[in-house]
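Remarks on the overall topology
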Amino acid sequence: MLDNKVVIITGASGGLGSVVTKAFLDAGARVAGVDRSAHSNNAAHSNLAHFAVALDNAAAVDMLVRDVVNLYGKIDAVVHLVGGFAGGQRADETSDETWEKMIAINLRPAWVLSRAVLPLMREARRGSFIAIGSSAALEPTPTLGAYGASKAALISLVRTIAAENKEFGVRANIVSPNTMDTPANRSAMPDADPAKWVQPANVASLLVWLASDAGAEVSGAVIPLPGRGA
């Protein structure tokens, strides 16, 4: 489905990222996996190149994009999985530190990365930019004000990218899941029922489809994934 497609995946070695990276490799993509460290759970795959990059650093991201183009000759899609979570306080009780951290983790990297890659996609007159959002951005949740606001801002950014680039054949979409069944979430919520959570393999399948030619008519979409417990 993705033969000869070159895809940047951020957060490639995380609980979701490892599953998504494997799905893209299995679909035939050549993947540039990006994390802060050089570790990769899929490191032995011949179609995976791993990059250790701090995505809040604009110069480092510009270099990443140049390196991927030098290696593979093009960039067909970006799958942006990086994000963070903080909660537990009402909006008026949220500290400056928490607010700024959520914006720094959930919004700035997507903006920096899109700024680096979109000119190349417009020039090629093709491309797909996909981000992971959150159900908290779709339905405000008590004590998740900073997190929900940062993810809502990410939705606005992605939809703006879609609107600004549709005439160039460049698409942008965002998938907004509820709680996902990852090792970190199982550890944080040991009394919950993970069977009701969103399965990473299902998220990965959707992302592969959105990045493929089969998803060529979808842009500007905000796709909720509530899970079985919603």
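Let me sum up the structure you'll find in this document.

Quick notes on the rules
Residues numbered from 1 in each chain as written. Predicted model: local features only at pLDDT ≥ 70, side-chain atom pairs only at ≥ 80, totals over all residues. Heavy atoms only, no water. Salt bridge = Lys/Arg side-chain N within 4 Å of Asp/Glu carboxyl O. Helix = DSSP H or I, 4+ residues; strand = E, 2+ residues; numbered from the N terminus. Buried < 20%, exposed > 50% of the residue type's maximum accessible area, 1.4 Å probe, protein only. Pairing = 2+ DSSP bridges. Axes fitted to C-alpha atoms, helices over the stretch in contact; angles between N-to-C directions. Contact = heavy atoms within 4.5 Å. Arc of directions from axis to C-beta. Core = buried A, V, L, I, M, F, W, Y, C linked by side-chain atoms within 4.5 Å.

Things to note about the pattern of salt bridges
Per the counting criterion, the structure on display carries 8 salt bridges. Ionic pairing is found between aspartate 213 and lysine 5, a salt bridge with its closest N-O pair at 2.9 Å. With aspartate 213 in the loop between α7 (200–211) and β7 (222–225) and lysine 5 in the segment before β1 (6–10), the pair connects residues that are 208 residues apart, well separated along the chain. For lysine 5, a relative accessible area of 17% corresponds to the buried category. Among the ionic pairs, glutamate 93 bridges to arginine 90, the shortest N-O distance being 2.7 Å. Overall, glutamate 93 belongs to the partly exposed group, its relative accessible area being 42%. Counted as one network, the salt bridges with shared partners bring together Lys74, Asp76 and Arg126.

Digging into the sheet that holds strand β5 (residues 127–132)
Hydrogen bonds between backbone atoms are what pair the strands of a sheet, whose relative direction is either parallel or antiparallel. Pairing in this open sheet of 7 strands is parallel, and the strands run β3-β2-β1-β4-β5-β6-β7 from one edge to the other. Two strands in the sheet have a free side with no partner beyond their single neighbour: β3 (48–52) and β7. Taking each pair of neighbouring strands and ignoring which way they run, the sheet shows an average axis angle of 15 degrees. With 4 bridges joining them, strand β6 (residues 170–177) and β7 adopt parallel strand pairing. Looking across to β7, one finds that proline 177 is bridged to leucine 225.

Here's the deal with the pairing of β1
In terms of residue burial, β1 counts as a mostly covered element, since 5 of its 5 residues are buried. The sheet contact formed by β1 and strand β4 (residues 77–80) spans 4 bridges and is parallel. In the strand pairing of β4, threonine 10 is matched with histidine 80.

A word on the side chain of serine 114
Relative to the assigned elements, serine 114 resides in helix α4 (residues 108–124). Serine 114 has contacts with Pro119, Phe129 and Ile161, leaving out every residue within four places of it along the chain.

Notes on helix α1 (residues 17–26)
Among all positions in α1, only Gly17, Ser18, Val20, Thr21, Phe24 and Leu25 are buried. Considered in projection along α1, the buried side chains sweep an arc of 165 degrees and stay on one side of the axis. Residues of α1 that are buried make contact with β1, β2 (30–35), β3, β4 and α7. Remark: glycine 28 follows α1 within two positions and exhibits a positive phi of approximately 100 degrees.

Considering the nonpolar core
Phe51, Val68, Ile75, Val78, Phe129 and Leu154 are the most contacted members of the largest nonpolar core, which totals 35 residues. Looking at this core, the element that brings in the most residues is α4, giving 7 residues. For leucine 154, the residues in contact, after removing those within four places along its chain, are Asn106, Leu107, Ala110, Ala131, Ile132, Gly133 and Ile174. One finds Phe24, Ala77, Val175 and Leu210 within the second-largest nonpolar core, a separate group that totals 28 residues.

Remarks on the environment of leucine 210
Relative to the elements of secondary structure, leucine 210 occurs in helix α7. Since its relative accessible area comes to 0%, leucine 210 is described here as buried. Separated by 36 residues in sequence, leucine 210 and isoleucine 174 have C-alpha atoms that sit 9.7 Å apart. Ignoring anything within four residues of it in the chain, the contact list for leucine 210 reads Ser128, Ile130, Arg171, Asn173, Val175, Gly215, Val218 and Ile223.

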